[in-house]
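Coordinate inspection notes
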Amino acid sequence: MANCPKCDYKLKLTDWRQKCPKCGANLVLYDLQERLMKEADVAEVQQYHFQKKVDRLKAAFVGSKYAIIRIVTSLLPVLGILIPFVKVSTDAPLSKFSGTLGAIQLYMGIDKKTIDIDALLSSITADATKAVMLPVAVAAVLLVLSLVFTLLHFVFLTLASSPKGKLRNYIFDALIAASTLGSCIAFLCVPDSEFFKGSLFIGAFTQILLVAACIVFDVLAFKNAPPIKHKQCYVGGIPIEEYFKMVEDGVPAKELRAEMYRRLNAIQAEKDAEIAAAEAKKASEDAEKAEKEAVAK
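Residues numbered from 1 in each chain as written. Predicted model: local features only at pLDDT ≥ 70, side-chain atom pairs only at ≥ 80, totals over all residues. Heavy atoms only, no water.

The next point concerns the overall build of the protein chain. Per the secondary structure count, the protein chain includes 9 helices and 5 strands. Secondary structure elements of the protein chain, listed N to C terminal, follow the sequence α-α-β-β-α-α-α-α-β-α-β-β-α-α. A total of about 19100 Å² of accessible surface is found on the protein chain, and carbon and sulfur atoms cover 64% of it. (Helix = DSSP H or I, 4+ residues; strand = E, 2+ residues; numbered from the N terminus. Areas by Shrake-Rupley, 256 points an atom, 1.4 Å probe, with all protein chains shown as cover.)

Shown next, in the form of structure tokens:
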């Protein structure tokens, strides 16, 4: 249960009346203005912290032309794996196949059952095919990891302007580059055999270029990032930086509240003056218009 705002008496379930059973204060109306002001202070401080996150998010995505380009280049490696990545030819004991393989061809082959996944998995551990198929499996796993790292890199772009955003992005850039190049190298290490022959196809080289573009524009976006412009926030009419300084310096609550009222009154007076000036200007324009219409008649 709550406490009485005046005497801090611990209210019980039986204390359902509007007045405190100990001091008689009105539990709803007592010091209502001050309690509302305190709630407003908390809300405005929370708004300040939320606004900082929004400002950092905007800077990460549209802070500069390089940041905007980075959005596109960060996703291009995902599309790159759709291009045929390797050219392979297989024979017994594997399923017979000849052609290019990329994400689309692999999916269609599995869907139409022209590619036997169970046979491929068993060939990795079979003594007769292990030496050939193990590097192929490593290449496939590294390529999948490259895709995962690319997606994570894009997701974490939302935090690119945070204190550790630069380091985080560079780590993902390194992981994407290492897994992509590792996939290509692993496939090149596949020994020639009678039942498996393969070579890198256009998709592999395209993927390397797209990953390079992703990394280059990530670096350019950080190097050319302008200072983050935070929207000015206020607490009770006081700029929030000044408010934090006053709280840190131990300014008494009464003095702080009095300063807030002074600032709020000044802001309200300024707004009232602007409204009065706008109304006076409109009245003057209406009078001139009416005078011109009278002369015209």
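Below, the discussion takes up the side chain of arginine 257. With respect to the secondary-structure elements, arginine 257 resides in helix 9 (residues 253-296). Within polar-contact distance, the side chain of arginine 257 engages the side chain of glutamate 34 at 3.1 Å. Excluding anything up to four places from it in sequence, arginine 257 contacts Glu34, Met37, Lys38 and Asp41. (Polar contact = N/O pair within 3.5 Å; in protein donor to acceptor, adjacent residues only side chain to side chain. Contact = heavy atoms within 4.5 Å.)

A few words now on a nonpolar patch on the surface. The grouping of Val28, Leu29, Leu32 and Leu36 at the surface amounts to a nonpolar patch, some 350 Å² of accessible area in total. Following the sequence through the fold, leucine 32 ends up in helix 1 (residues 32-62). (Patch = residues over 30% accessible without salt bridge, like charges linked within 9 Å, V, L, I, M, F, W, Y side chains within 5 Å. Salt bridge = Lys/Arg side-chain N within 4 Å of Asp/Glu carboxyl O.)

For the structure on display, the rule yields 4 aromatic pairs. Note on tyrosine 48 and phenylalanine 244: the rings are 5.6 Å apart at their centroids and 70° apart in plane angle, and the pair reads as edge-to-face. On the criterion of sequence distance, the pair formed by tyrosine 48 in helix 1 and phenylalanine 244 in helix 8 (residues 240-248) is long-range, its members being 196 residues apart. Aromatic side chains tyrosine 243 and phenylalanine 244 sit 5.8 Å apart centroid to centroid with 50° between the ring planes, which places their arrangement in the tilted category. The class for phenylalanine 244 is partly exposed, based on a relative accessible area of 31%. The cationic tip of arginine 70 hangs over the ring face of phenylalanine 222; the distance from NZ or CZ to the ring centre is 5.1 Å. (Phe/Tyr/Trp six-rings, centres within 6.5 Å; stacked < 30°, edge-to-face > 60°. Buried < 20%, exposed > 50% of the residue type's maximum accessible area, 1.4 Å probe, protein only. Lys NZ or Arg CZ within 6 Å of the ring centre and 35° of its normal.)

Turning our attention to the nonpolar core. Formed by 18 residues in total, the largest nonpolar core has its most connected members in Phe85, Val86, Val88, Val132, Phe187, Phe196 and Leu200. Those elements that provide at least two residues to this core are strand 1 (86-90), helix 5 (130-155), helix 6 (165-188) and strand 3 (196-200). For this core, the element with the most residues is helix 5, which contributes 5 residues. If sequence neighbours within four positions are ignored, valine 88 has contacts with Phe97, Ser98, Gly99, Leu101, Phe187, Phe196, Lys197 and Gly198. Grouped together as the second largest cluster of nonpolar side chains are 11 residues, Tyr48, Val235, Ile238 and Tyr243 included. (Core = buried A, V, L, I, M, F, W, Y, C linked by side-chain atoms within 4.5 Å.)

At their nearest, the axes of helix 8 and helix 9 sit 11 Å apart, and the two run at 160° to each other. By the angle between their axes, helix 8 is roughly antiparallel relative to helix 9. Classified by chirality, the crossing of helix 9 by helix 8 is right-handed. Where helix 8 approaches helix 9, its residues Glu242, Tyr243, Met246 and Val247 are matched on the opposing element by Leu256, Glu259, Met260 and Arg263. Per-class residue counts for the contact of helix 8 with helix 9 are 5 nonpolar, no polar and 3 charged. (Axes fitted to C-alpha atoms, helices over the stretch in contact; angles between N-to-C directions. Parallel < 35°, antiparallel > 145°, perpendicular 65-115°, else oblique. Left-handed = near helix turned anticlockwise from the far one by under 90°. Nonpolar A, V, L, I, M, F, W, Y, C, P; charged D, E, K, R; others polar.)

Taking strand neighbours across the sheet as the criterion, the 3 strands line up as 2-1-3 in an open arrangement whose pairing is antiparallel. Strands with a single pairing partner mark the edges of an open sheet, and in this sheet they are strand 2 (97-101) and strand 3. In this sheet, adjacent strand axes meet at a mean angle of 10° when their direction is disregarded. Judged from the 5 bridges that link them, strand 1 and strand 3 form a sheet pairing that is antiparallel. Across the sheet, residue lysine 87 finds its bridge partner in strand 3, namely serine 199. Contacting strand 1 and strand 3, helix 6 runs over the sheet at an angle of about 145° to strand 3. (Pairing = 2+ DSSP bridges.)

In a regular helix each residue adds 1.5 Å, so 16 residues correspond to 22 Å; helix 2 (residues 65-80) covers 23 Å between its end C-alpha atoms and thus fits that length. Restricting attention to buried positions, one finds in helix 2 the residues Ala67, Arg70, Thr73, Ser74, Pro77 and Gly80. The inward-facing, buried residues of helix 2 contact helix 1, helix 5, helix 6 and helix 7 (202-223). (Expected span 1.5 Å × (residues − 1).)

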